[in-house]
Amino acid sequence: PYSSVELETTLLGLVRDGELVDTDAPGDTVEVILPKTGFYVESGGQVSDTGTMISGGDTFWEIRVDDTRKPAAGVIVHLGKVISGQPKLGDSVLATVDRQRRQDIMRNHTATHLLHAALHEVLGSHARQAGSLVAPDRLRFDFNHPDAITPQQLEQIETIVNRAVLQDYALNTRIKPLSEAMAEGAMALFGEKYGETVRTITIGDTDPFSYELCGGTHVEETGDIGLFLITSEGSAAAGVRRIEAVTGRAAYELVQRRFRALKHSAA
């Protein structure tokens, strides 16, 4: 449902202060319901999309979308604020996801899959995901492991992920029966509830680097991630370790800051 970052649709519902309304004014905090949407709803550790809605008719109005929620099956609510004009029920709408933010999130989400595979390679198959956060500025990955990760292991994990990035593996997304995916060895999250049909993400073709069940947004090739840097590693709970990392633009900014500090210290 979130394959398109821009779509034309109709303003189906407006809610203000818990009440259905026919129109809103600038400054109002609103909840908007559309017949269809390209906005991702927070799930599986990945944060919601943000963006804008503008009128597709003669009378201009704009709503800034700050969050999305799913209060009931099949219903997605967009939370935001009226920036200008007066949106009305039945108005045509151009709903646009913040592309740059979505791209940053996609880089981090695909990187979590690469990180998961690298952890298995370095630490063992017991290092399974125990929680995650996929945001535009960073990723956080919790996994089962009894001991602290050594600096040498961290460096090895980071190297494996960046090599996979440079291999520019293609990502293949398929919808298939859960039983078929599990029989093929797809990795599922412990405790997660899956339907009879699932979405699978395969990274790499002939000998896949990673194969997981996932409903989130991803890059098309791993090369789109750009750069992967681990920023911290520590304990999240008993028997659970946590790695935080950055990719893409945030990783480049981190490299710049560290080079500036190094040059300043050298001077």
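Here, the structure is the one placed above.
These notes cover the structure that comes with them. Note that the structure is a prediction, hence the values are computed from the model and not measured.

Conventions and cut-offs
Residues numbered from 1 in each chain as written. Predicted model: local features only at pLDDT ≥ 70, side-chain atom pairs only at ≥ 80, totals over all residues. Heavy atoms only, no water. Phe/Tyr/Trp six-rings, centres within 6.5 Å; stacked < 30°, edge-to-face > 60°. Helix = DSSP H or I, 4+ residues; strand = E, 2+ residues; numbered from the N terminus. Contact = heavy atoms within 4.5 Å. Polar contact = N/O pair within 3.5 Å; in protein donor to acceptor, adjacent residues only side chain to side chain. Buried < 20%, exposed > 50% of the residue type's maximum accessible area, 1.4 Å probe, protein only. Salt bridge = Lys/Arg side-chain N within 4 Å of Asp/Glu carboxyl O. Pairing = 2+ DSSP bridges. Axes fitted to C-alpha atoms, helices over the stretch in contact; angles between N-to-C directions.

Here's the deal with the packing of aromatic side chains
A full pass over the atoms with the stated rule returns three aromatic pairs. Between Y169 and F209, the aromatic rings sit 5.9 Å apart at their centres with planes inclined by 25 degrees, giving stacked as the arrangement. Taken together, the residues Y169 in the loop between α2 (151-166) and β11 (171-177) and F209 in the loop between β12 (197-203) and β13 (210-213) connect sequence positions 40 residues apart.

Things to note about the environment of R128
Tracing the sequence through the fold places R128 in the loop between α1 (99-123) and β9 (129-134). A sequence separation of 133 residues divides R128 from A261, and the C-alpha atoms of the two residues are 36 Å apart. Beyond its immediate chain neighbours, meaning those up to four positions away, R128 contacts H116, H120, D142, F143, N144, M187 and A188. A polar atom in the side chain of R128 sits 3.0 Å from the backbone oxygen of A188.

Re unusual backbone geometry
Positive phi is not limited to glycine here, since D17 has a value of about 55 degrees. With respect to the secondary-structure elements, D17 resides in the loop between β2 (13-16) and β3 (19-21). In this model, D168 sits at a positive phi of 55 degrees, which is unusual for a non-glycine residue. Checked against the element boundaries, D168 lands in the loop between α2 and β11. Note on D168: relative accessible area 42%, which makes it partly exposed.

Concerning the pattern of salt bridges
The final tally for this structure, using the stated rule, is 10 salt bridges. Ionic pairing is found between R16 and D28, a salt bridge with its closest N-O pair at 3.7 Å. On the criterion of sequence distance, the pair formed by R16 in strand β2 and D28 in the loop between β3 and β4 (29-33) is long-range, its members being 12 residues apart. If you follow the salt bridges from partner to partner, you end up with R16, D24 and D28 in one network.

Focus on the sheet that holds strand β6 (residues 62-72)
Spatially, the eight strands line up as an open sheet ordered β1-β8-β5-β6-β7-β4-β2-β3, and their pairing is antiparallel. Only two strands of the sheet have a single partner each, and these edge strands are β1 (6-10) and β3. Strand-to-strand twist of the sheet, defined as the mean angle between neighbouring strand axes without regard to direction, takes the value 35 degrees. The pairing of β6 with strand β7 (residues 75-84) spans eight bridges and is classified as antiparallel. Bridging across to β7, A72 finds its partner in V75.

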